[in-house]
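Descriptive structure summary
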Amino acid sequence: MGKRSVPRYPEDDDGGGCCGVLCWCCCILVLIIAAIAGAVAYAFFIYKPKAPSYSVSNMSVSQFDFSSSDLTLYTKLVATVRAENPNEMIGIKYGDGSHTVVSYRGTPLCSGHLPTFFQGYKNVTVMEISMEGRHGFGSGLQSALEESEKEGNVPLDVFVSVPVSLRFGSLDIREVKVNVHCALVVDSISPKKKPTIKSATYQGNVEF
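As the structure is a computational prediction, the values presented were derived from the model and not from experiment.

So, how was this worked out
Residues numbered from 1 in each chain as written. Predicted model: local features only at pLDDT ≥ 70, side-chain atom pairs only at ≥ 80, totals over all residues. Heavy atoms only, no water. Phe/Tyr/Trp six-rings, centres within 6.5 Å; stacked < 30°, edge-to-face > 60°. Helix = DSSP H or I, 4+ residues; strand = E, 2+ residues; numbered from the N terminus. Buried < 20%, exposed > 50% of the residue type's maximum accessible area, 1.4 Å probe, protein only. Salt bridge = Lys/Arg side-chain N within 4 Å of Asp/Glu carboxyl O.

Let us look at the packing of aromatic side chains. All chains considered together, the criterion is met by 4 aromatic pairs. Geometrically, the ring pair formed by Phe-66 and Phe-137 is edge-to-face, given 6.4 Å between the ring centres and 75° between the ring planes. Highlighted residues: Phe-66 in strand β1 (residues 53-67) and Phe-137 in the loop between β7 (123-136) and α2 (139-151), separated in sequence by 71 residues. Overall, the relative accessible area of 24% leaves Phe-66 in the partly exposed class. Phe-137 sits in the buried class, given a relative accessible area of 2%. A connected cluster of aromatic rings, assembled from ring pairs, spans Tyr-54, Tyr-94 and Phe-117.

The structure is reproduced here in structure tokens:
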């Protein structure tokens, strides 16, 4: 009698099962991304978000003393900042950790911070920000500043960095940092004369 062949059975292959699970995971991920994108698009359509605007409307100098003995400048001033929220359904929450700096030709003069508050819909808030500081100020910069004063064109840079979060209805989204740079030209920075803002340009960005 001839030899009998041993029946052979196909080996179990898990490849199809793994591919199926992977396919399902990809499908679920795509659905989640689509749902998030749809929610964001819906929120933009409903709330119509608009960027807030900021401007320096006024400035007063109470102290501006230069010490020739140690070449330092002590400055105290108040900047009036106008913040406008143009949104009808979005509030803005200004958090802790803000920072403001006024500098002349790259040298800091004084610093301060914004108050923490919630700005409601279609709201304009005017803030008076007190700043002071004592910084090294070389004789070369002092001469340049005196010349700028004589010409009536003193260039100042105002930097503002503030953490904010937006409130959509009753929902707060995660906090971001808003940075604003204002390049000002004033006619004077002496406590003997109230400065007049001659020009101002603004730039801003958001850190997520």
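Side-chain pairs of opposite charge can arise whenever the charged atoms involved come near each other. Summed over all chains, the structure comprises 3 salt bridges. In this structure, Glu-84 engages Arg-82 in a salt bridge whose closest nitrogen and oxygen atoms are separated by 3.4 Å. Given a relative accessible area of 28%, Glu-84 falls into the partly exposed group. A salt bridge links Lys-193 to Asp-187, with the shortest nitrogen-to-oxygen separation between them at 3.1 Å. Asp-187 sits in the buried class, given a relative accessible area of 15%.

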